[in-house]
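Observations on the three-dimensional arrangement
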Amino acid sequence: MSDLIEEIKQLKAERKAVILAHNYVKAELQDIADFTGDSLELSIKAKNAGAGVIVFCGVRFMAETAKLLSPQSVVLLPNPDAGCPMADMAAADKVAAYKAAHPDTIIVAYVNTTAAVKAHVDICCTSGNAEKIIASLPADKEMLFLPDRNLGGNLNRKLGRNMQLWPGFCPTHDRVTPAAIAAARAEHPGVKVLVHPECDPEVVALADVALSTGGILRHVRESSDKAFIIGTEIGILHRLRQENPGREFFPLQPEMTCPNMKKITLENVRDCLKDMAPQIELPPEIMASAVKPIERMLALS
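Residues numbered from 1 in each chain as written. Predicted model: local features only at pLDDT ≥ 70, side-chain atom pairs only at ≥ 80, totals over all residues. Heavy atoms only, no water.

**Considering the sheet that holds strand β7 (residues 143–146)**
The following threshold applies: We treat two strands as partners when DSSP finds at least two bridges between them. Only DSSP runs of H or I covering at least 4 residues are called helices, and only runs of E covering at least 2 are called strands; the numbering of each starts at the N terminus.
A sheet is described by the order of its strands in space; here four strands give the open sequence β6-β5-β7-β8, paired in parallel fashion. In this open sheet, the two edge strands, each paired with only one partner strand, are β6 (123–125) and β8 (164–165). Judged from the two bridges that link them, β7 and β8 form a sheet pairing that is parallel. Across the sheet, residue phenylalanine 145 finds its bridge partner in β8, namely leucine 165.

This is the structure in structure tokens:
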């Protein structure tokens, strides 16, 4: 593996590339990355770095967002099969049809959507800034939140809103049950449960706190607790343990693994840098429209 990592380093230098790794991807990818973090956070860091070549170790919608924010850069997705089932649950043609039928409805898209969908919405949000974005929008207007019914439902409950919810969900987070929290608390008495807001509202209500991956990392850093039960994709445990030696982290459910997040390998990274493919390419009209709701979000957050 050391030879492979050295080869990647050499290719990265030759291409003047930056490697981005989402908090959920394999540990060895996080270890070679220039930046590790949430999807939008990574795209912003790549833009600020002025990278001509961006290697995104994550899933497709993340690489598309990087392309939207760095249109002049070459954006590489090392494994083109790394998709997001939740993002795919909101098809662009259906979102466009909903917008045509409800022209006065504000459509809010979780950043976990395709660029084609972003081209039809009013504003985006992340799991970290969703509360602030939704709170900034007029309460007397009809609103649709897509694609995650769980994140949207948690926002409705917390903010007293009545947004319509698209029937999408993250398969990894949606499988968490209230019984799993009860079992984890019984196994680790007194240990706080941290979950992602993509979990079902019933699960979030039983947890101690619901936060984005960035929020979980920050919460742990600032906490005096010595142990945590983590209710999100288990890839984040690698970074949590690296950044917080001496503390204990227990997965809420051992099967909280996203198969798509685990598709990219070191070999994929080497090959994409060698071949400069596969590249993320988006039609100019999609690029022009899809970046606008992201810019609106960034202006508010």
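Back to the text.
**Some details on the packing of helix α4 (residues 60–69) against helix α16 (residues 284–300)**
Note the threshold: Each axis is a line fitted through C-alpha atoms, and for a helix only the stretch in contact is used; angles between axes span 0 to 180 degrees, taken between their N-to-C directions. Small angles under 35 degrees read as roughly parallel and large ones over 145 as roughly antiparallel, with 65 to 115 read as roughly perpendicular and the rest as oblique. Contact definition: two residues touch when any of their heavy atoms are within 4.5 Å. Polar here means any residue outside two lists: the nonpolar Ala, Val, Leu, Ile, Met, Phe, Trp, Tyr, Cys and Pro, and the charged Asp, Glu, Lys and Arg; Gly therefore counts as polar.
The geometry of α4 relative to α16 is characterised by a closest axis approach of 9 Å and an angle of 95° between their N-to-C directions. As the angle between them shows, α4 and α16 are arranged roughly perpendicular. Contacts between α4 and α16 involve Thr65, Lys67, Leu68 and Leu69 from the first element and Met287, Ala290, Val291 and Ile294 from the second. When grouped by side-chain class, the residues that make up the contact of α4 with α16 number six nonpolar, one polar and one charged.

**Some details on the environment of proline 278**
Here proline 278 shows up in the loop between α15 (266–275) and α16. Between the alpha carbons of proline 278 and asparagine 79 there is a distance of 7.6 Å; along the sequence they are 199 residues apart. Setting aside anything within four residues of it in sequence, one finds proline 278 in contact with Val75, Leu76, Leu77, Pro78, Pro80 and Cys272.

**Details of the sheet that holds strand β11 (residues 227–231)**
Read from one edge of the open sheet, four strands run β10-β9-β11-β12, paired in parallel fashion. Looking at strand neighbours, the two that pair on one side only are β10 (209–210) and β12 (248–251), the edges of this open sheet. Of the strand pairs in this sheet, strand β9 (residues 192–195) and β11 are connected by four bridges, and their pairing is parallel. Counted as the bridge partner of lysine 192 is phenylalanine 228 from β11. Across the sheet, helix α14 (residues 236–243) touches β11 and β12, and the angle it forms with β12 is around 170°.

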